[in-house]
Amino acid sequence: MNYVVDILLIAVSAALINNFVLYYFVGICPFIGVSRKVDMAFGMGCAVTFVISIAAFLSWTITTYILKPGAPLSQWVAGMFVSPEMAASIDLTILCYIVYIFAIASSVQFVEMYVRKFFPALYKSFGVFLPLITTNCAILFACLTIMSNVAGVDNPADAWDLGRSLTLAVFGGVGFTIAIVIMAGIREELDLCDIPKPLEGAAITLVVAGILALAFMGFTGVDSGLKKALTPKTSEMVQAQVVRQQDQLATIALSSNPVGMHR
Amino acid sequence: MTWVTISLSAGTLIGMAVIMTYILGWANKAFHVEVDPRVEAINGALPGANCGGCGYVGCGEYAEAVALDNAEVNLCTVGGSGCAADIASIMGVDVVDSLPYRPIVHCGAHYPERLQRNEYRGEQHCQTANIVAGVQGCTYGCLGFGDCVNACKYNAIHVVDGLATVDYNKCIGCGACAKVCPRNIISMVPFRYEQMLAVTCSNKDFGKEVKNVCTVGCIGCKACQRNSDFFTVENNLSTVNYDTYESLKDDGVEKLKKAIDKCPRKGIVLMGKPTESDILSLMNEDIPKIAEPDFKTTVDDTEWRG
């Protein structure tokens with residue numbers, strides 16, 4: 001498939017159709033916790049997008065070069081001790097969870113230090129969210145999705161490259177931002193509403209989240225339609241269409257040709 | 001084969017650990033931010049309620065402001081003078097007299113005393129009821145829908161028969177109620193004593209109009225002003241001059257009593273924690289037990305208005 005089309009599909013899919021929060025229900029904790037004010041929600045969304053991109057870069061690199069079966073680095077190290085065939089079959093993907101959490105936590109820590117030193121204003125506005133994001137499952141989910149698309153494919157040529165992984169991460173973050181900002185907008189309005197006591201607080205928020213998820217279900221199927229529209233037609237398909245058109249023309253000619261009727 | 005996998009796994013993790021440790025250790029040094037040790041010390045001295053009563057976002061922010069921007073050391077209303085003294089000793093400055101600020105509701109009308117009340121069926125919030133005309137006659141007084149009650153994190157203000165009433169035993173003086181009141185009838189007052197005088201009215205209309213809407217509102221008759229210079233009547237509304245509160249304590253007590261007695265509307269009252277004699281006078285009376293919240297009392301009986 002065309003690379004650009006593939007990227008576009010991954011982007012739309014991550015941001016809207018298979019939205020992390022509203023389709024997979026990961027990252028619910030900040031989605032409920034930090035969606036009180038729109039500006040706070042936007043800050044959280046930006047922070048998540050930022051961290052998710054870094055985590056995606058790290059997890060793609062680690063998976064491709066160390067974890068997946070036949071990864072160059074582990075193969076080379078193992079090749080020193082066992083036969084090359086055995087070395088190629090070594091699979092370290094069992095380590096994915098611990099390694100990804102490790103990478104995410106360290107990178108968040110690093111980013112926090114960096115931002116604190118060089119962008120104090122930025123640190124004040126979303127620095128408080130950064131430690132929260134470390135344990136956010138949306139990040140881990142993005143990493144695991146990338147892993148399954150790098151290491152879990154049958155045909156090695158189908159494995160995602162860095163561009164696809166980063167697209168998934170960035171647009172997953174964008175989708176998270178969209179969801180949390182919509183949620184914050186609704187919750188700001190909800191503050192003025194007369195909510196029955198038993199439903200106040202987290203209860204009504206979860207109900208709203210559910211309705212929002214239902215609304216986002218409306219995007220289901222957009223990806224397959226988009227895929228159909230964007231995929232360049234193969235020569236066989238074009239030929240089939242030409243034949244079909246000729247048939248139609250022939251039928252029309254036959255049925256509407258008065259000369260033929262008289263003959 | 002198994003051993004190779006195991007050692008490779010271990011090697012991967014140890015390798016990552018070494019790399020990350022090195023990077024983070026380097027970053028810790030390279031990106032080191034100097035934190036004023038006084039900020040930490042002040043943070044420890046503050047109560048940590050994060051109420052925002054000082055005007056900063058939280059205790060941490062206030063500590064930074066004191067240490068770095070020379071903010072006043074006595075802004076914490078929760079900690080009071082003790083906290084101010086601690087901070088002053090950390091900063092090495094003299095503490096200025098710090099008074100606990102407490103809210104006073106400048107309205108004294110319960111439902112029976114308010115006239116021209118109409119049934120209001122909109123959103124049960126003061127903020128929305130304030131927009132609508134005709135909820136009650138008085139356009140200055142307490143609406144009684146309890147925005148202040150919702151704003152209070154310490155359960156220290158309640159609506160009693162339509163009038164917001166502060167429980168001074170629970171109040172810490174964060175000022176959330178004063179901020180949220182759409183009619184601005186709650187003011188934060190420096191409580192020099194346990195009990196403070198207050199004029200329980202905010203109505204700036206002429207006496208006749210006040211009498212039309214309320215049976216206890218201030219009519220601006222200036223009786224209090226004539227008897228004690230403790231009060232100033234401006235815009236047909238008497239106000240207590242809290243700046244001269246101290247000076248009038250010695251010789252002005254008689255005058256003050258007279259002024260309070262002369263008030264035709266009985267709108268000058270003492271507010272604050274009950275004094276010992278008040279508590280003693282209630283000793284023999286039958287006080288009902290405090291109702292503990294259970295399912296029956298916490299369940300919402302208001303109508304569903306979807």
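Since the model is a prediction, treat every value here as computed from it, not as a measurement.

## Details of the overall build of chain A
Helix and strand counts for chain A come out as 14 helices and zero strands. Ordering the α and β elements of chain A from the N terminus gives α-α-α-α-α-α-α-α-α-α-α-α-α-α. Counting the 263 residues in chain A, one finds 40% classified as buried. A fraction of 75% describes how many contacts in chain A between residues 6 or more apart in sequence connect residues 24 or more apart. For chain A, the exposed area adds up to about 14200 Å²; of that, 68% sits on carbon and sulfur atoms.

## Some thoughts on the overall build of chain B
Of the regular secondary structure elements, chain B holds twelve helices and eight strands. Out of the 306 residues in chain B, the part that is buried amounts to 40%. Within chain B, contacts between residues separated by at least 24 positions form 62% of all contacts whose residues are at least 6 apart in sequence. A total accessible area of about 18000 Å² is found for chain B, and carbon and sulfur atoms account for 55% of it.

## With respect to helix H1 (residues 2-30) of chain B
Helix length check: H1 of chain B (29 residues) gives 42 Å between terminal C-alpha atoms against 42 Å at 1.5 Å per residue, within 8%. For H1 of chain B, the complete set of buried residues consists of Val4, Thr5, Leu8, Ser9, Thr12, Met16, Met20, Leu24 and Ala27 of chain B. For H1 of chain B, the elements touching its buried residues are helix H3 (38-67), helix H4 (72-79) and helix H6 (96-118) of chain A.

## Notes on a nonpolar patch on the surface
Judged by side-chain polarity, Tyr65, Leu73, Trp76, Met80 and Phe81 of chain A come together as a nonpolar surface patch covering roughly 630 Å² of accessible area. By secondary structure assignment, the location of methionine 80 of chain A is in the loop between H4 and helix H5 (84-88).

## Here's the deal with the pattern of salt bridges
Counted by the stated rule, this structure contains three salt bridges over all chains. Glutamate 119 of chain B serves as the salt-bridge partner of arginine 121 of chain B, at 3.4 Å between the closest nitrogen and oxygen. Arginine 121 of chain B gets classed as exposed once you look at its relative accessible area, which sits at 65%. When salt bridges with common partners are traced through the structure, they connect Asp6, Asp161 and Arg164 of chain A into a single cluster.

## Focus on unusual backbone geometry
All names here are of chain B. Of note in the backbone geometry, asparagine 184 takes a positive phi value of approximately 55 degrees without being a glycine. Relative to the helices and strands, asparagine 184 resides in the loop between helix H7 (176-180) and strand E4 (186-190). Accessibility expressed as a relative area gives 61% for asparagine 184, which makes it exposed. Of note in this structure, asparagine 235 is not a glycine but carries a positive phi near 50 degrees. Summarising the element assignment, asparagine 235 is placed in the loop between strand E6 (231-234) and strand E7 (237-240).

## Notes on the interface of chain B and chain A
Between chain B and chain A, the residue contacts involve 28 residues of the former and 32 residues of the latter. Summed over both partners, the interface of chain B with chain A comes to about 2600 Å²; 78% of that surface belongs to carbon and sulfur atoms. Broken down residue by residue, the surface that chain B buries against chain A is led by Met1, Leu8 and Phe31 of chain B, which jointly contribute 23%. Across the chain B-chain A interface, the total number found is zero salt bridges. Here chain B and chain A share two residue pairs in polar contact (both at pLDDT 80 or more) between them. For the side of chain B that touches chain A, the secondary structure elements donating two or more residues are H1 and helix H3 (59-69) of chain B. No other element matches H1 of chain B, which puts 15 residues into the side of chain B that touches chain A.

## Regarding the confidence of the model for chain A
It should be kept in mind that the predicted coordinates are not to be read in detail where pLDDT is low. When pLDDT is averaged along chain A, the result is 84; 92% of the residues meet or exceed 70. Within chain A, the lowest mean pLDDT, 50, falls on helix H14 (residues 258-262) of chain A, and the highest, 93, falls on helix H10 (residues 162-190) of chain A.

Reading the values: rules and limits
- Residues numbered from 1 in each chain as written.
- Chains lettered and ligands numbered in written order.
- Predicted model: local features only at pLDDT ≥ 70, side-chain atom pairs only at ≥ 80, totals over all residues.
- Heavy atoms only, no water.
- Helix = DSSP H or I, 4+ residues; strand = E, 2+ residues; numbered from the N terminus.
- Buried < 20%, exposed > 50% of the residue type's maximum accessible area, 1.4 Å probe, protein only.
- Contact = heavy atoms within 4.5 Å.
- Areas by Shrake-Rupley, 256 points an atom, 1.4 Å probe, with all protein chains shown as cover.
- Expected span 1.5 Å × (residues − 1).
- Patch = residues over 30% accessible without salt bridge, like charges linked within 9 Å, V, L, I, M, F, W, Y side chains within 5 Å.
- Salt bridge = Lys/Arg side-chain N within 4 Å of Asp/Glu carboxyl O.
- Buried area = accessible area lost by both parts, 1.4 Å probe.
- Polar contact = N/O pair within 3.5 Å; in protein donor to acceptor, adjacent residues only side chain to side chain.
- pLDDT = per-residue confidence, 0-100.

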